[in-house]
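# Overview (structure and organization)
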Amino acid sequence: MESGEKTHLLKAERGILKSLSRSYQSENSLLDETVAVADYPDAIVSGEYESLGTSDSSSATQSTRTLGTFQGVFAPVSLSMLSSILFLRVGYIVGNAGLLEAFLQYGIAYSILISTVLSICAIATNGAVEGGGVYFMISRTLGMEFGGSIGILFWFANIVSSALYLAACTEGLIGNFGPKGSLTTFLPSSRWWNFAYSSLFNSINLFVCLIGSKLFGKTSALILSVVMICTVVTTASFFVNLDFHEDFVYNSTQDCIPPTDNISLPNCTKTAQGTFMGFMAASPEYISDTFEANLDPKFEFDCSDPMAEVNFFTVFGVLFSGVTGIMSGANMSGELLSPGKNIPRGTLAACFFTFTIFIVLSVLTALTCNPAMLMHDCMYLSNFSVWPPIVAIGVLLATFSASLNNLIGASRVLEAVAKDVLFGHILSFFTKGTIKDNPISSILVTWCLVEMFLLMGSLNSIAQLSSVLFLMSYAAVNLACLGLDLASAPNFRPSFKYFSWHTSLVGLLGTTIMMFFVSPLFSAVALLLCLSLIFALNFISPIRKPNWGSISQALLFHQVRKYLLLLDPRKAHVKFWRPQILLLVSNPRTCCSLIDFVNALKKGGLYVIGHVYTERLQDSEDDPCVVKNDHWLSLIDHLKIKAFVELTMASTLREGIQHLVRISGIGAMKPNTIILGYLDERFHGDDFNSPYSPFATRQFEGIFPELKRKPTQTHEDTRPQEKMNKSEYVGIICDVLKMQKNICLSRHFSLLDKGTLFRTDRQSIFGTRVKKKLYLDVWLVDFFSPFETDISDTTSLFLLQLACIVHMVPRWKKLTLRVFITVRDHRSSLHNQEEMLKNMLELLRVEAESHVLNWTPESTELSTDPHVQLSNEYLSSACETVRRRSQDTAVSFLYLPRPPKIETDYVFYLDALTALTQNWPPTLLVRGVSPVTSITL
């Protein structure tokens, strides 16, 4: 294919990617307006096609992405991993831990590293990786809160690691040029002199960073080449014909007798002799004896800090802190040509390369150097090198370049966190101080913090803190990859295939366990800081949070689906029944109190808010159920309730409600109780616009229909024209009962003011404050046929169950539960019914006051047939009977009479209910169709 055709094809592909980007951006604009085209496929385009120069934008991107696999990943990772271990701590590790345990420690460290690298590679090859490296991967996978907190800790980890390598560089400087230097002795050495040397190196780092990281990227390959020459020369030194001996005099508190008043402290000075023999000078017996002496662990002496405790985990902490550089390449993701390819190839190659060097050097050391030299002389390699300055060059270059790389990486992480505006405007300063893509302000702050950590002192003192912070960062990477794999998300299909959830789990467990073994104190502090940052991000972060997608949602979906399949409705038992409620809402402006009350009624069950749009889809330009869904979800957030939303379209309300009742929920989690607002002619107030409403807000202006009163309407007896008539409303009740769902009708809940409901005092006539007692009333009375009401039937038990559920809610528990029944005017009947009620309440474990009323209806023509017309006098009398006893009632639960079977009786049925409940407190009219409670264990 000709080059012109290739260019044309790549332009076409780039156009497709851009269109996908615009589609992706438009679909998510309602959730996150901060998503930019450059955050999605253009990064891929710039990485794959920049060499063709297809557009100006790709040329601009090309100018910021100049590093390949070797320069951008392999070289910095190798330098970071070789820096403080290769020339300074191999002897310390082998001398104290012994060769066998050293192999074990290398195996543990590299198992953690390789499994983490596999996770990094999987995430890095699953999409475009922008600046920020590992922070970018974690935040875009685990979500804003977790990603932001790990990002800050990873920034600190790079700062501490930079200080660690500077301390190692200073140690190499003093070991070669200090008072006991192997080359010369012209440099003074003390705590503050060492700090000054480290600060000088740190200032050189600052100068290089201010010039730009590209200088380091271009020179990293050269530095690595020089370090490898030093390594080859040092390795060759093991084979020279040299017999070297060195005496060490040191103080030890072991075997010393504590001083008393009469006994002085004895001399605790000890001596040791270190020896080295090259293979050409050593006899087989010497090599065998030295190798055997170096096999077993000793844990006696720290060559850099004689007073420091040495054990398996302190040695491991030093080892692991030196090999934490696997993130160095990922930190430079913003400068890499193709991060998805560069990071896996460069990081894995560097890991195997450095592991081979450490194993070879450890074996050669164990064969030629006795343990005394290894434990007491950190610069032991300089003693027998064929050219001693080569070790000094290797130490200084490797550690200095590693510290510079960490300083650059830390500044890039801080810049990425600041650009994401996770902490509001607290970090906005770092986004402004950028010159030619170089984050000057981030570099300066990071440099200052490195200076602070240099005050910790020696290399081994900083190593534990560095290890803990990196282990936590690695654990987050493994957790992210493990979650992605377990969630089985279709879009998780990385091009890197050599990983699985097993490797991620090994990395997660290994990092977490070793973190606490290395330093329980630092680990606890780091975890506490991480949790604090997660908590803070929920309050400090901007109101309009970025929507990057959180793995928690994918995992929840994956697990919930599994459990829903296990939740078999055929295995349900009445003992574990709970209400699963579908609340049908016409306009949330008029029923916020009801929505809030039903939230207390659900008792951990399913709560669905349903709404019907009476339109035809073919007549609408867009589906209103899709367009309005986010507004309803915002309503749930505003009311602070735990509910789902179900919206549907239908030509009539009755048909739409049938759809919602049938299809709401999933599996065994489907509504069993339907709640309807009451169809009356009252004008309901606007909860959003009323200054006295606890739900007042301007958030939904223009979203939900505003309430407008006609000039002829009064506040009490009229309201805007209803969308359904009385006959259709009662028909809906009958439909719900036919579908075997419990039905509840809510009336007067606009009077329920939770702002004043739970006040426990009121003013007496004498001006003093007295305790106010409020009630939840349950009327086990079918007022359409009161003498035929069975207080143990399904509806009565359902009434008691709902009232008990509300009474279990902490705030509602302050109210007193009362149960009312009625009997004819006979003393024996009164006593029997009272005993029956008390026994039933006791069996059902219901703590309530029982009230039995003598019932003498004013209408002697009252019939038990619900279809026979009830007199107005009877309804008024019954209404007044309840109203007199409800002066201090918060909510009443009333037995809903069975609706008539003949459609012509629907209107009278509703009119009778309206007359019966006129001027009552908030009332829930209830009818049950299935058992809901049991007296058995």
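### Considerations on the pairing of strand β12 (residues 775–779)
Counted residue by residue, β12 has 5 buried out of 5 residues, so it is predominantly covered. Alignment of β12 against strand β13 (residues 816–823), held across 5 bridges, turns out to be parallel. If you follow V778 over to β13, its bridge partner there is V819. The parallel pair β12 and β13, bridged by helix α28 (residues 794–808), forms a crossover whose chirality is right-handed.

### Structural notes on the packing of helix α5 (residues 90–124) against helix α13 (residues 339–368)
For the pair α5 and α13, the least separation of the axes is 10 Å and the interaxial angle reads 170°. Judged by the inter-axis angle, α5 sits roughly antiparallel to α13. Residue composition of the contact of α5 with α13, by class: 22 nonpolar, 5 polar and no charged.

### Observations concerning the packing of aromatic side chains
Within the structure shown, the criterion is met by 32 aromatic pairs. With a centroid separation of 6.2 Å and an interplanar angle of 90°, the aromatic rings of F154 and F470 are classed as edge-to-face. Residue F154 is located in helix α7 (residues 144–177), and its partner F470 is located in helix α19 (residues 459–487); the two are separated by 316 residues in the primary sequence. Both residues of the pair, F154 and F470, belong to the buried class.

### What about the environment of E309?
Within the fold, E309 resides in the loop between α10 (284–293) and α11 (312–322). In this structure the C-alpha to C-alpha distance between E309 and F299, which are 10 residues apart in sequence, comes to 8.5 Å.

### Some thoughts on the sheet that holds strand β9 (residues 742–747)
The sheet built from 10 strands is open, its strands ordered β7-β6-β5-β8-β9-β16-β15-β12-β13-β14 with mixed pairing. Either end of the sheet is taken by a strand with one partner, and the two such strands are β7 (644–649) and β14 (849–854). The mean angle between the axes of side-by-side strands here comes to 20°, regardless of whether they run parallel or antiparallel. Sheet topology note: the strand β8 (residues 673–677)/β9 ladder contains 5 bridges and is parallel.

### Examining the state of the cysteines
Scanning all chains against the criterion turns up 1 disulfide. Left unpaired, C591 is separated from the closest cysteine sulfur, that of C592, by 6.4 Å. C591 sits in the buried class, given a relative accessible area of 13%.

### Overview of empty space enclosed by the protein
Counted by the stated rule, this structure contains 1 cavity of 30 Å³ or more. Considered as a void within the structure, the largest cavity measures approximately 40 Å³ in volume. Taken together, L797, L800, Q801, C804, L844, V846 and T933 make up the lining of the largest cavity. Of the residues assigned to the lining of the largest cavity, the class counts are 5 nonpolar, 2 polar and no charged.

### Quick word on the nonpolar core
Counting 150 residues, the largest nonpolar core has Y106, F320, V323 and F358 as the members making the most contacts within it. For Y106, the residues in contact, after removing those within four places along its chain, are I85, V90, I93, L319, F355, F358, I359 and S362. F688, F749, L776 and L802 belong to the second-largest nonpolar core, a separate cluster that totals 67 residues.

### Looking at the confidence of the model for the protein
For the protein, the average pLDDT comes to 80, and 82% of its residues sit at 70 or higher. Note on residues 1–13: pLDDT under 50 across the span, and 5 contacts to partners over four residues away in sequence or across chains. Every residue in residues 16–62 is under pLDDT 50, and counting partners more than four places away or in other chains gives 57 contacts.

### A word on the side chain of S442
Of note, S442 is situated in helix α18 (residues 440–454). Apart from residues lying up to four places away in sequence, S442 is in contact with S411, L414, E415 and F430.

### Some thoughts on a negative patch on the surface
A cluster of acidic residues, E285, D289, E292 and D296, forms a negative patch on the protein surface. Along the chain, E292 falls in helix α10. On the basis of relative accessibility, which here comes to 53%, the residue E292 falls in the exposed class.

### A word on helix α31 (residues 906–916)
Among the residues of α31, those classed as buried are Y906, Y909, L910, A912, L913, T914 and L916. Those residues of α31 hidden inside the fold are in contact with α26 (726–738), β9, α30 (872–884), β15 (889–895) and β16 (923–927).

### Regarding unusual backbone geometry
Positive phi, normally seen in glycine, also occurs at K603, with a value near 50°. The phi torsion at R845 lies on the positive side, around 60°, for a residue other than glycine.

Thresholds applied
- Residues numbered from 1 in each chain as written.
- Predicted model: local features only at pLDDT ≥ 70, side-chain atom pairs only at ≥ 80, totals over all residues.
- Heavy atoms only, no water.
- Buried < 20%, exposed > 50% of the residue type's maximum accessible area, 1.4 Å probe, protein only.
- Helix = DSSP H or I, 4+ residues; strand = E, 2+ residues; numbered from the N terminus.
- Pairing = 2+ DSSP bridges.
- Right-handed = clockwise from strand over helix to strand, strands pointing away.
- Axes fitted to C-alpha atoms, helices over the stretch in contact; angles between N-to-C directions.
- Parallel < 35°, antiparallel > 145°, perpendicular 65-115°, else oblique.
- Nonpolar A, V, L, I, M, F, W, Y, C, P; charged D, E, K, R; others polar.
- Phe/Tyr/Trp six-rings, centres within 6.5 Å; stacked < 30°, edge-to-face > 60°.
- Disulfide = S-S within 2.5 Å.
- 1 Å grid on protein atoms, 1.4 Å probe; cavity = no way out; pocket = protein on both sides within 12 Å on 5 of 7 lines; lining within 4 Å.
- Points joined across faces, edges and corners; volume = space filled by probe spheres on them.
- Core = buried A, V, L, I, M, F, W, Y, C linked by side-chain atoms within 4.5 Å.
- Contact = heavy atoms within 4.5 Å.
- pLDDT = per-residue confidence, 0-100.
- Patch = residues over 30% accessible without salt bridge, like charges linked within 9 Å, V, L, I, M, F, W, Y side chains within 5 Å.
- Areas by Shrake-Rupley, 256 points an atom, 1.4 Å probe, with all protein chains shown as cover.
- Salt bridge = Lys/Arg side-chain N within 4 Å of Asp/Glu carboxyl O.
- Lys, Arg positive; Asp, Glu negative; His and termini not counted.
- Charge placed at Lys NZ, Arg CZ, Asp CG, Glu CD.

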